[in-house]
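# Geometric and topological summary
Listed below are the residues making up each chain.
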Amino acid sequence: PAALPPAPLGFTDVNLNSRNTYEVSRRRSAPEHLPHGGTAPAAPAPPQEPAERARRAGIAGAGSSFAEFLTRNFFTKRTKELKPAVQSAPGWKLFGKVPPRENLPKDSKIIQQEYEARTGRMYKPPPPSARRKNIEFEPLSTTALILEDRPANLPAKSVEEALRHRQEYDEMVAEAKKREIKEAHKRKKIMRERFKQEESIATAMVIWVNEILPNWEGMRATRRVRELWWQGLPPSVRGKVWSLAVGNELNITPELYEIFLSRAKERWKSFSETSSENDIEDAGASVADREASLELIKLDISRTFPSLYIFQKGGPYHDLLHSVLGAYTCYRPDVGYVQGMSFIAAVLILNLEEADAFIAFANLLNKPCQLAFFRVDHSMMLKYFAAFEVFFEENLPKLFLHFKSYSLTPDIYLIDWIFTLYSKSLPLDLACRVWDVFCRDGEEFLFRTGLGILRLYEDILLQMDFIHIAQFLTKLPEDITSEKLFGCIAAIQMQNSNKKWAQVFASLMKDNKEGDKNHSPALKS
């Protein structure tokens, strides 16, 4: 028998089952796009295997017109199948590009009219309560989502789904516009408050410069000045008012500051050249403490207001702060340098000249409360804590009992506040306002401020345990505002059984002295 002729090179096996299945499913989901007959074209005959085609080709021969007709008819249908699909209904487009379309996207109103004309009934949107209130995806602006047609290679949506998506899109755009408007109003409010504050500061500065400071001794205690003082001092007169309020009981002069500064520089030089750890151990106790204080200053300055970068090594105020602290260490070797002093000196340097800052620093640390804390006088510190607890229980009884249940004593959080005069715990501008009233009212306001902070965060602290309370009070929230804090401070009454702070503290001192007299020397030892 003759050998079978090889199959034609251009004849390849084409399997359109997946294509036909897709076309049928697509046309079922979008019946409006069917041909005029209303029914889909018949599916083509199933493809043949290559061996079967070769066998039939050998039998029929090259001149079989019937085989040619079937082959030609088959490829004609295939050509028709590959026509581009009809444009589908609108849909979401987030990323990528859509092929060019012949038809423009239909508006939601047109889609709704076509739907009502086809079905003969009105479309009722779901009630507002049934819609999603909190949309999970929130655009950053009104152009974050754009409603576009669905790509041609995806099934079309129903009219109800398209309308629902259009409504959700409109809701998201409306919510985004509301947020933008709200943020704009918030920014305007902040700007108005800032302008108002600047105007009040400018007005207050004129009053302080022209009326109060020239007549300081006669006006400092008047009601008008005290009320103006409570509102905060203008930055331009803050340093001058602090110096006048703190005073100079120690009679320190700028020349005296230069003398102690030169001594500090000599000791720094000798300490860096000849001193070592063994030298410090062999030296006397006072010399070792003084040299250790000078070395501690270098370590502590870099940790003073680290976010400002002006007191770090190489900063504009690094050497200035180093000089003030070193001169004080030589001026008061009995106190030396204690951690926390750098924050107080830094705040003074920001508002006063170098010599004036040293004078105010030395006199401020000579006050009874600061001297007791910086000299670590335990008996005096306990009396201050006891007086604080008297007013704590009087003003915040629930929080007081909550602290008592965890045995949380005031020293856990008050020491850091008192040592730095709140300059480490509060924002710098708010700490300066606390200093303003502290210079007016004295040590009482330090403890009143502490009670104001506890009142401000009372609800939060009542939900915490010992560890979380200690951590929270050690590092207060950064968003604390002067209006809220001073509102809480104003609500604190520093009066217990018709006794003010000074009277309560004096009674504690008296009770302590009487207790010491009643104890025998044997018990004391």
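Predicted model, so just to flag it, every value in this text is computed and none were measured.

Bringing the overall build of the chain into the picture now. In terms of helices and strands, the chain carries 25 helices and four strands. Taken over 525 residues, the chain has a buried fraction of 36%. Counted over contacts in the chain with a minimum sequence separation of 6, partners at least 24 positions apart contribute 75%. Put simply, the chain shows about 32200 Å² of open surface, and 55% of that area lies on carbon and sulfur atoms.

Positionally, Leu476 belongs in the loop between α22 (466–474) and α23 (482–491). Taking C-alpha positions, Leu476 is 9.5 Å from Pro427, a pair spaced 49 residues apart along the chain. When neighbours within four sequence positions are excluded, Leu476 is seen to be in contact with Trp417, Ser425, Leu426 and Ile453.

The next point concerns the packing of helix α18 (residues 411–420) against helix α20 (residues 443–456). For any two helices packed against each other, the geometry comes down to the angle between their axes and how far apart the axes lie. One way to put it is that α18 packs onto α20 with a least axis distance of 11 Å and a crossing angle of 130 degrees. In terms of orientation, α18 and α20 fall into the oblique class. In terms of crossing hand, the pair formed by α18 and α20 is right-handed. For the pair formed by α18 and α20, the contact residues are Tyr413, Leu414, Trp417 and Ile418 on the first element and Leu446, Phe447, Gly450, Ile453 and Leu454 on the second. In terms of residue class, the contact of α18 with α20 is built from eight nonpolar, one polar and no charged.

Another point: the pattern of salt bridges. Counted by the stated rule, this structure contains ten salt bridges. Close ionic contact of Glu211 with Arg224 constitutes a salt bridge, the shortest N to O distance being 2.9 Å. With Glu211 in helix α5 (residues 159–212) and Arg224 in helix α7 (residues 223–230), this residue pair connects regions lying 13 residues apart in the sequence. Relative accessible area serves as the criterion here: at 32%, Glu211 is assigned to the partly exposed category.

Under the UniProt annotation, the feature "coiled-coil region" (unreviewed entry) is placed at residues 159–194. Taken end to end, residues 159–194 is 100% helix and 0% strand, and its first and last C-alpha atoms sit 53 Å apart.

Applying the stated criterion across every chain, the model contains 32 aromatic pairs. Consider the rings of Phe311 and Tyr317, whose centres lie 5.9 Å apart with planes at 35 degrees: the pair is tilted. With centroids separated by 5.7 Å and ring planes inclined at 5 degrees, the aromatic side chains of Tyr384 and Phe447 adopt a geometry described as stacked. Highlighted residues: Tyr384 in helix α16 (residues 378–395) and Phe447 in helix α20, separated in sequence by 63 residues. A residue is classified by how much of its surface remains accessible, and Tyr384, at 1% relative accessible area, is buried.

This part covers α22. All of the buried residues in α22 are Ile469, Ala470, Phe472 and Leu473. Seen from one end, α22 has its buried residues packed into an arc of 165 degrees, which puts them on one side. For α22, the exposed residues lying more than 90 degrees away from the buried face are Ile467 and Gln471. The inward-facing, buried residues of α22 abut α17 (397–405), α18, α20 and α21 (458–461).

Conventions we followed
Residues numbered from 1 in each chain as written. Predicted model: local features only at pLDDT ≥ 70, side-chain atom pairs only at ≥ 80, totals over all residues. Heavy atoms only, no water. Helix = DSSP H or I, 4+ residues; strand = E, 2+ residues; numbered from the N terminus. Buried < 20%, exposed > 50% of the residue type's maximum accessible area, 1.4 Å probe, protein only. Contact = heavy atoms within 4.5 Å. Areas by Shrake-Rupley, 256 points an atom, 1.4 Å probe, with all protein chains shown as cover. Axes fitted to C-alpha atoms, helices over the stretch in contact; angles between N-to-C directions. Parallel < 35°, antiparallel > 145°, perpendicular 65-115°, else oblique. Left-handed = near helix turned anticlockwise from the far one by under 90°. Nonpolar A, V, L, I, M, F, W, Y, C, P; charged D, E, K, R; others polar. Salt bridge = Lys/Arg side-chain N within 4 Å of Asp/Glu carboxyl O. UniProt positions renumbered as here; feature names shortened; annotations may be inferred. Phe/Tyr/Trp six-rings, centres within 6.5 Å; stacked < 30°, edge-to-face > 60°. Arc of directions from axis to C-beta.

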